[in-house]
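Commentary on secondary and tertiary structure
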Amino acid sequence: MQVRWWAAGSAAAIMVVAVASTVAFSRESAAPVAGVRVVAAYPHDPKAFSQGLVVVEGQMYEGTGQYGKSSLRKVELASGRVEQIIPLSRQYFGEGITILGDKLYQLTWKERLGIVYDVASLKPIGSFRYSGEGWGLTNDGDELILSDGSATLRFLNTTTFEVTRRIEVRSGRSRVDKLNELEFVNDEIWANIWYADRIARISPKTGEVLGWIDAGALYPANQRPSREHVMNGIAYDASSQRLFLTGKNWPRLFEVEVILAR
């Protein structure tokens, strides 16, 4: 691994990292492991307990968690400036978010409530219910895809919010649980694994793990204030094919490229 730092004017320092993964994922060794190269680093609110991240045509949206601090935010990507913030009621712990069409959807953790917003105004326009916990949320262009911390992903109809199907995520013979923040990237579901600095690339048809992304060098664990400062934010801007990663209370948002280990 090679790391270089430099300052660009008054902007935050940018880190360029070339990662050839040396991490042995014992149970997941059947699937290939890739690393990441940092293209740029941007400021990120270190008070934002990131639970969901979306970037659409350069515009960033973030859902944050913790009781009494949860919110939905519209953020200027380059500066990290919060342009608009919608606080959630103190009784709700905000979780994953996704945008489909002209609507933004946000989960709550144990309250089993999903909130629907108008993307243009971020005004709440509806809600929906689901069983179990809400963790991560994404969509495949037609349906919502929800994680609940288990190895199962649920697909929800956007009109009725009924479960249309489920997939169990496996790597070889092993179930992969603790599926957290989700993103749909080039016909794959990407899932952050809670308390792990790795992302599973999942087939939306079979649930098979197609590969892993090791992002442990972005913000090394020994530099974080606590164990709770985990990686938990994946956003893919399909219009520009740019990929962004961050975490809970991380001071940086990273634009990265995935690179194959040699």
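Residues numbered from 1 in each chain as written. Predicted model: local features only at pLDDT ≥ 70, side-chain atom pairs only at ≥ 80, totals over all residues. Heavy atoms only, no water.

Right, let's talk about the overall build of the protein for a bit. From N to C terminus, the protein includes zero helices and 24 strands. Each of the 262 residues in the protein was classed as buried or not, and the buried ones make up 54%. In the protein, the proportion of contacts linking residues at least 24 apart, taken out of those at least 6 apart, comes to 48%. Accessible surface for the protein amounts to roughly 12000 Å². Of this, 49% is attributable to carbon and sulfur atoms. (Helix = DSSP H or I, 4+ residues; strand = E, 2+ residues; numbered from the N terminus. Buried < 20%, exposed > 50% of the residue type's maximum accessible area, 1.4 Å probe, protein only. Contact = heavy atoms within 4.5 Å. Areas by Shrake-Rupley, 256 points an atom, 1.4 Å probe, with all protein chains shown as cover.)

Throughout the structure, instances matching the rule amount to eleven salt bridges. Among the ionic pairs, E83 bridges to R81, the shortest N-O distance being 3.5 Å. Of the residues examined, R81 reaches a relative accessible area of 46% and is grouped as partly exposed. Residue E255 pairs with R242 through a salt bridge whose shortest N-O separation is 3.0 Å. One end of the pair, E255, is in strand β24 (residues 252-260); the other, R242, is in strand β23 (residues 242-247), with 13 residues separating them in the sequence. (Salt bridge = Lys/Arg side-chain N within 4 Å of Asp/Glu carboxyl O.)

Moving on: the sheet that holds strand β15 (residues 163-168). Within the open sheet, the four strands sit side by side as β12-β13-β14-β15. Their pairing is antiparallel. Each edge of the open sheet is held by one strand with a lone partner, namely β12 (137-139) and β15. On average, adjacent strands in this sheet sit at an angle of 25° to one another, irrespective of strand direction. For strand β13 (residues 144-147) and strand β14 (residues 152-156), the ladder comprises four bridges, and the chain directions are antiparallel. Bridge pairing in β14 places L146 opposite R154. (Pairing = 2+ DSSP bridges. Axes fitted to C-alpha atoms, helices over the stretch in contact; angles between N-to-C directions.)

Turning next to the sheet that holds strand β8 (residues 94-100). Overall, antiparallel pairing links the four strands, which are arranged β8-β9-β10-β11 in an open sheet. Each edge of the open sheet is held by one strand with a lone partner, namely β8 and β11 (124-129). Each strand axis lies, on average, 20° off the axis of its neighbour in the sheet, ignoring direction. In terms of strand pairing, strand β9 (residues 103-108) meets strand β10 (residues 113-118) through five bridges, oriented antiparallel. Each bridged residue has a counterpart across the sheet, and for K103 the counterpart in β10 is D118.

Successive residues of a regular strand alternate their side chains across the two faces of the sheet. Of all the seven residues making up strand β22 (residues 231-237), seven are buried; the element is thus mostly covered by neighbouring parts of the structure. The pairing of β22 with β23 spans six bridges and is classified as antiparallel. Bridge assignment links Y236 to a residue of β23, and that residue is L243. Counted between consecutive antiparallel strands, the loop separating β22 from β23 contains four residues, among which Q241 sits at a positive phi close to 55°.

By themselves, these observations are geometric and do not establish any function.
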